[in-house]
Amino acid sequence: MSGKLDLIGVIPPPGPSGPPPIHPAMLRTRSRIARAMIAAHALAPEQAIAFNPAPSDVAELMRLRKAGVIRETLPGHYWLDLVANHYREQQAGRVRAMWAVGIALVLAVVAVLFYRG
């Protein structure tokens, strides 16, 4: 069924209860803090957890808050915005890919210049 009422008035069965499933690609992250938030299931404002970062994690927490990836509900209670985190990781991947292509081109030019055939 298409999710709409058909002409004879039969209501389609309800879908699975609960939130929609999360695609595994959205759970990949390089951030240790983001991985901890995912493990604690702090993925919505009502699921915010108390988080007191270690001194070595304060800079990363501030970067993630500035990027809108980690959000604060109450003072000291944070949650992870999965969509913002996914877009941030995608953008970082694009930058890394551009650097890799540039370095590969430079290496190819150097190899051609030193080729003695």
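Residues numbered from 1 in each chain as written. Predicted model: local features only at pLDDT ≥ 70, side-chain atom pairs only at ≥ 80, totals over all residues. Heavy atoms only, no water.

Asks: When you look at the nonpolar core in this model, what are you seeing that I'm missing?
Replies: The tendency in soluble globular proteins is for nonpolar side chains to be buried side by side. Judged by nonpolar contacts, the single largest core of 16 residues is most densely connected at Ile33, Met37, Ile70 and Leu80. Counting only elements with at least two residues in this core, the list comes to α1 (32-39), α2 (58-67), β3 (77-80) and α3 (82-113). It is α1 that provides the largest number of residues to this core, a total of four residues. When residues no more than four places from it in sequence are discounted, the contact partners of leucine 80 are Ala34, Met37, Ile38, Ala42, Leu43, Val69, Ile70 and Asn85. (Core = buried A, V, L, I, M, F, W, Y, C linked by side-chain atoms within 4.5 Å. Buried < 20%, exposed > 50% of the residue type's maximum accessible area, 1.4 Å probe, protein only. Helix = DSSP H or I, 4+ residues; strand = E, 2+ residues; numbered from the N terminus. Contact = heavy atoms within 4.5 Å.)

Asks: How should I be thinking about a nonpolar patch on the surface in this particular structure?
Replies: A contiguous nonpolar patch, built from Val95, Met98, Trp99, Ile103 and Leu107 and spanning about 570 Å² of accessible area, is present on the exposed surface. With respect to the secondary-structure elements, isoleucine 103 resides in helix α3. You can call isoleucine 103 partly exposed: its relative accessible area is 49%. (Patch = residues over 30% accessible without salt bridge, like charges linked within 9 Å, V, L, I, M, F, W, Y side chains within 5 Å. Areas by Shrake-Rupley, 256 points an atom, 1.4 Å probe, with all protein chains shown as cover. Salt bridge = Lys/Arg side-chain N within 4 Å of Asp/Glu carboxyl O.)

Asks: I'm lost on the sheet that holds strand β1 (residues 49-50) in this one. Help?
Replies: Sheet strands pair by backbone hydrogen bonding; their relative direction is either parallel or antiparallel. Spatially, the three strands line up as an open sheet ordered β1-β3-β2, and their pairing is antiparallel. Bordering the open sheet on either side are β1 and β2 (70-72), each of which pairs with just one other strand. Where α2 meets the sheet, its contacts fall on β2 and β3, and the angle it forms with β2 comes to roughly 85°. (Pairing = 2+ DSSP bridges. Axes fitted to C-alpha atoms, helices over the stretch in contact; angles between N-to-C directions.)

Asks: Mind showing me how you'd approach α2 here?
Replies: Listed in full, the buried residues belonging to α2 are Glu60, Leu61 and Leu64. Buried residues in α2, looked at end-on, bunch into an arc of 100°, giving them a common side. Residues Arg63 and Lys66 are exposed on α2 and point more than 90 degrees away from its buried face. Residues of α2 that are buried sit in contact with α1, β2, β3 and α3. (Arc of directions from axis to C-beta.)

Asks: What should I look at first to understand the packing of aromatic side chains in this one?
Replies: With the rule as written, the count across this model stands at one aromatic pair. Relative to tyrosine 78, the ring of phenylalanine 51 has its centre 6.3 Å away and its plane inclined at 85°; by these criteria the two rings are edge-to-face. In this pair, phenylalanine 51 sits in the loop between β1 and α2 while tyrosine 78 sits in strand β3, placing the two residues 27 residues apart along the sequence. (Phe/Tyr/Trp six-rings, centres within 6.5 Å; stacked < 30°, edge-to-face > 60°.)

Asks: Looking at this model, I keep getting lost on the pattern of salt bridges. Mind explaining?
Replies: Pairing of side chains with opposite charge becomes possible as their charged atoms draw close. One pass over the full model with this rule turns up three salt bridges. For arginine 32, the salt bridge identified is with aspartate 57, shortest N-O distance 2.4 Å. With arginine 32 in helix α1 and aspartate 57 in the loop between β1 and α2, this residue pair connects regions lying 25 residues apart in the sequence. Using a relative accessible area of 11% as the deciding quantity, one classes aspartate 57 as buried. In this structure, aspartate 81 and arginine 71 form a salt bridge, with 2.9 Å as the shortest nitrogen-oxygen distance. Taken together, the residues aspartate 81 in the loop between β3 and α3 and arginine 71 in strand β2 connect sequence positions 10 residues apart.

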